[in-house]
Amino acid sequence: MKSLIVYSSQTGNTKKLADVCHDTLTGDTDIYHVNEAPEPDSYDLIAVGFWLQQGKPDPLSMDYLSRIPKGKKIFLFATHAAAKGSDHATQAMDYAVTLLKEPTIVGTFSCQGEANPKILEKAKGKPQPPAWLKDAPQAVGHPDTADMNALKQMIKNI
Ligand SMILES: Cc1cc2nc3c(=O)[nH]c(=O)nc-3n(C[C@H](O)[C@H](O)[C@H](O)COP(=O)(O)O)c2cc1C
């Protein structure tokens, strides 16, 4: 089986998860930042990692997800400041799935990722601060070892 890992990451959180996927997936596995990723046609399994922006996958990842041809095995992973398992995080993952064509989803994983303090300041200053902001203090230090071990376990079971 030929696998491709494509990730988007501004501050390194999602890249940490991508590296775990790369270290854990067996067989022929390529890894690329979304800006340099090849077209996914020749791969059997495609793992796409994104960070959340405005409650959705970041725009580069949304674009890549929509270019994946139908019928592929897909693993999705994400980081976000919102709490793990929150409606916000779940809805963003569900939205990512809607961008795919007839996928076979072999798994999804998401966890908190520490947000850039400058972004937090900016978000706090908005007339209506985003709901995920209240969870941001708990995101500090994530993804941590426990997050990465949980992802590793999930990948091993694919
Ligand atoms: C412009 C911007 C918008 C963000 N919007 C959200 C959001 O809507 N929901 C959320 O949970 N986190 C949001 N975050 C936090 C990031 O998704 C989170 O810190 C993520 O782990 C960053 O991943 P990276 O280090 O791979 O870039 C936002 C961060 C930035 C910079």
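Each chain carries its own residue numbering, running from 1 in the written order of its sequence. Totals for whole chains, interfaces and linings use every residue, but because this is a predicted model, local features are given only for residues with pLDDT of at least 70 and side-chain atom pairs only at 80 or more, for both listing and counting. Side-chain numbers come from the whole structure's heavy atoms, not from hydrogens or water.

Undergrad: Any details on the site of the ligand? Residues and values, ideally.
TA: Definition of nearness: a residue and a molecule or strand are near each other if at least one heavy atom of the residue lies within 4 Å of the molecule or strand. Around the ligand sit 21 residues in total, of which S9, Q10, T11, T14 and T79 are the nearest. Contacts to the ligand include T14, whose side-chain N or O atom sits 2.7 Å from an oxygen atom. Polar contacts here mean pairs of N or O atoms no more than 3.5 Å apart (in protein, one a potential hydrogen donor and the other a potential acceptor; neighbouring residues in sequence count only if both atoms are side-chain atoms). The separation between an oxygen atom of the ligand and a polar main-chain atom of L52 is 2.8 Å. Per-residue and other accessible areas follow the Shrake-Rupley method at a 1.4 Å probe size, with only the shown protein chains counted as cover for residues. In isolation the ligand exposes 650 Å². Once the protein is present, 91% of that is buried. The helix and strand labels rest on DSSP assignments: H or I over at least four residues marks a helix, E over at least two residues marks a strand, and numbering proceeds from the N terminus. Sorting the residues of the shell around the ligand by element identifies α1 (13-24), β3 (45-53) and β5 (73-80) as the ones contributing at least two each. With three residues, the top contributor of residues to the shell around the ligand is β3. Tallied by class, residues from the shell around the ligand come to seven nonpolar, 13 polar and one charged. When residue character is reported, Ala, Val, Leu, Ile, Met, Phe, Trp, Tyr, Cys and Pro are called nonpolar, Asp, Glu, Lys and Arg charged, and the others, Gly included, polar.

Undergrad: An account of unusual backbone geometry is requested, with residue identities and associated values reported.
TA: Cis geometry marks the peptide bond from H142 to P143, where omega comes out at 0 degrees. For P143, the location among the structural elements is in the loop between α5 (136-139) and α6 (145-156). In this structure, Q54 is a non-glycine residue whose phi angle is positive, near 50 degrees. On the secondary structure map, Q54 appears in the loop between β3 and β4 (56-57). Its identity is not glycine, yet E102 carries a phi of approximately 40 degrees, on the positive side. Among the secondary structure elements, E102 is positioned in the loop between α3 (87-98) and β6 (104-112). The exposed category is assigned to E102, whose relative accessible area is 57%. Only protein chains enter the accessibility calculation, which uses a 1.4 Å probe. A residue is then buried if its area is under 20% of the maximum for its type, exposed if over 50%, and partly exposed in between.

Undergrad: Account for the side chain of T14, naming residues and giving values.
TA: Locating T14 in the fold gives a position in helix α1. According to the relative accessible area criterion, T14 is buried, its value standing at 1%. At a separation of 2.9 Å, a polar atom in the side chain of T14 contacts the side chain of T79. In this structure, T14 is in contact with S8, S9, G49, F50, W51, F77 and T79, ignoring residues within four places of it in sequence. The contact definition used throughout considers only heavy atoms, calling two residues in contact when any of these lie within 4.5 Å.

Undergrad: Help me get a handle on the pairing of β6, residues and values and all.
TA: For two strands to count as paired, DSSP must find a minimum of two bridges between them. Where β5 and β6 come together, eight bridges link them in parallel fashion. Paired with T79 across the two strands is C111, which belongs to β6. You can see the chain leave β5, run along α3 and come back into β6, and the turn it takes is right-handed. By convention a crossover is right-handed if, when the strands point away from the viewer, the path from the first strand over the helix to the second runs clockwise.

Undergrad: Which residues make up the packing of aromatic side chains, and what are the values?
TA: Each aromatic pair joins two rings of Phe, Tyr and Trp (for Trp, the six-membered one) with centres within 6.5 Å, and gets the label stacked for planes under 30 degrees apart, edge-to-face for over 60, and tilted for any other angle. Evaluated as defined, the whole model comprises one aromatic pair. Sitting above the plane of the Y43 ring, K2 keeps its charged end 4.7 Å from the centroid. Here, over-ring charges are defined by two tests on the NZ atom of lysine or the CZ atom of arginine: distance to the ring centre within 6 Å, and angle to the ring normal within 35 degrees. Over the aromatic face of Y95 sits the side chain of K56, whose NZ or CZ is 4.7 Å from the ring centroid.

Undergrad: Report on the nonpolar core, specifying residues and quantitative values.
TA: The set of buried Ala, Val, Leu, Ile, Met, Phe, Trp, Tyr and Cys residues whose side-chain atoms join them within 4.5 Å is what this entry labels a nonpolar core. I46, V48, F50, Y64, L65, I68 and L76 are the most contacted members of the largest nonpolar core, which has 20 residues in total. At the level of elements, β1 (2-7), β3, α2 (59-67), β5 and α3 are the ones that each hand at least two residues to this core. Examining the composition of this core, we find that four residues originate from one element, β3, more than from any other. Those residues within four positions of Y64 in sequence are excluded, and the remaining contacts are L4, V6, V34, A37, P38, E39, P40 and V48. Counting residues in hydrophobic clusters, the runner-up holds 15 residues, among them F77, C111, L151 and I155.

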